[in-house]
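# A look at the structure
This is what each chain is made of:
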Amino acid sequence: KAVVSTQSTGVHEISDSDSEGDVYEALTDEETEEQVIERLRLPRLPSFFTGHRFFLHSESFPEFETIKEVTRCLITYGGMVFDHMSRDVRFIVTNSEEWQSDFETALSVNPEAKFLRTKWVDTCCEKRKAVDKEPFYLLS
């Protein structure tokens with residue numbers, strides 16, 4: 001247990017510790033609840049994928065871990081990932097470097113969708129900003 005100190009309640013708790021020395025190393029300065037919240041607040045992440053709707057073409061990914069990593073990146077930065085192809089999908093992310101015949105099936109659901117290589121997602125996540133999609137489109 002840690003030292004708990006709030007200005008509003010004035011409550012202080014120190015747990016039984018493994019050694020007496022730990023009690024003396026505990027923080028003794030009081031913090032307000034607002035100070036604690038501010039200290040623990042995480043920085044806001046950029047949201048450069050906000051408004052982008054993605055579908056991951058799973059058959060082009062050799063490993064499930066890669067799909068999870070790409071999905072995590074897209075969602076972390078504000079993207080929406082669909083678990084099936086729909087008319088709402090705007091970008092189909094593929095790990096393939098060449099056009100595959102089964103891509104036509106996805107386009108039959110939404111002919112307006114564009115195919116993007118995973119390298120675009122990786123590059124955006126590395127730079128923590130959106131980069132130009134043009135060099136990363138996969139064309140038929």
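None of these values were measured; they are calculated from a predicted model.

Criteria and thresholds
- Residues numbered from 1 in each chain as written.
- Predicted model: local features only at pLDDT ≥ 70, side-chain atom pairs only at ≥ 80, totals over all residues.
- Heavy atoms only, no water.
- Disulfide = S-S within 2.5 Å.
- Helix = DSSP H or I, 4+ residues; strand = E, 2+ residues; numbered from the N terminus.
- Buried < 20%, exposed > 50% of the residue type's maximum accessible area, 1.4 Å probe, protein only.
- Polar contact = N/O pair within 3.5 Å; in protein donor to acceptor, adjacent residues only side chain to side chain.
- Contact = heavy atoms within 4.5 Å.
- Phe/Tyr/Trp six-rings, centres within 6.5 Å; stacked < 30°, edge-to-face > 60°.
- Core = buried A, V, L, I, M, F, W, Y, C linked by side-chain atoms within 4.5 Å.

### Some points on the state of the cysteines
- Counting across every chain of the model gives one disulfide.
- There is a disulfide in this structure between Cys73 and Cys125, and the S-S distance comes to 1.3 Å. A residue pair is termed long-range when its members are at least 10 positions apart, and Cys73 in helix H3 (residues 64–76) and Cys125 in helix H5 (residues 118–127) qualify at 52 residues.
- Cys73 sits in the buried class, given a relative accessible area of 13%.

### A few points about unusual backbone geometry
- Phi angles above zero are rare outside glycine, and Arg128 is one such case at about 55 degrees.
- Tracing the sequence through the fold places Arg128 in the segment after H5.

### As for the side chain of Arg117
- For Arg117, the position within the fold is in strand E6 (residues 114–117).
- Residue Arg117 is classed as buried on the basis of its relative accessible area of 17%.
- Here the side chain of Arg117 touches Glu97 through a polar contact of 3.1 Å, side chain to side chain.
- Looking at Arg117, its side chain comes within polar contact range of the main-chain oxygen of Tyr137, at 2.9 Å.
- Apart from residues lying up to four places away in sequence, Arg117 is in contact with Thr94, Ser96, Glu97, Pro135, Phe136, Tyr137 and Leu138.

### Considerations on the packing of aromatic side chains
- One pass over the structure, following the stated rule, counts nine aromatic pairs.
- With 6.2 Å between their ring centres and 40 degrees between their planes, Phe54 and Trp120 make a pair best called tilted. With Phe54 in strand E3 (residues 53–56) and Trp120 in helix H5, this residue pair connects regions lying 66 residues apart in the sequence. In terms of burial, Phe54 and Trp120 fall into one category: buried.

### Considerations on the nonpolar core
- The biggest cluster of nonpolar side chains holds 20 residues, and the ones touching the most others in it are Phe49, Leu74, Val93, Trp120 and Val121.
- Listed by contribution, the elements that provide at least two residues to this core are E3, H3, strand E5 (91–94) and H5.
- Contacts of Val121, omitting those with residues within four sequence positions, involve Val70, Cys73, Leu74 and Val93.

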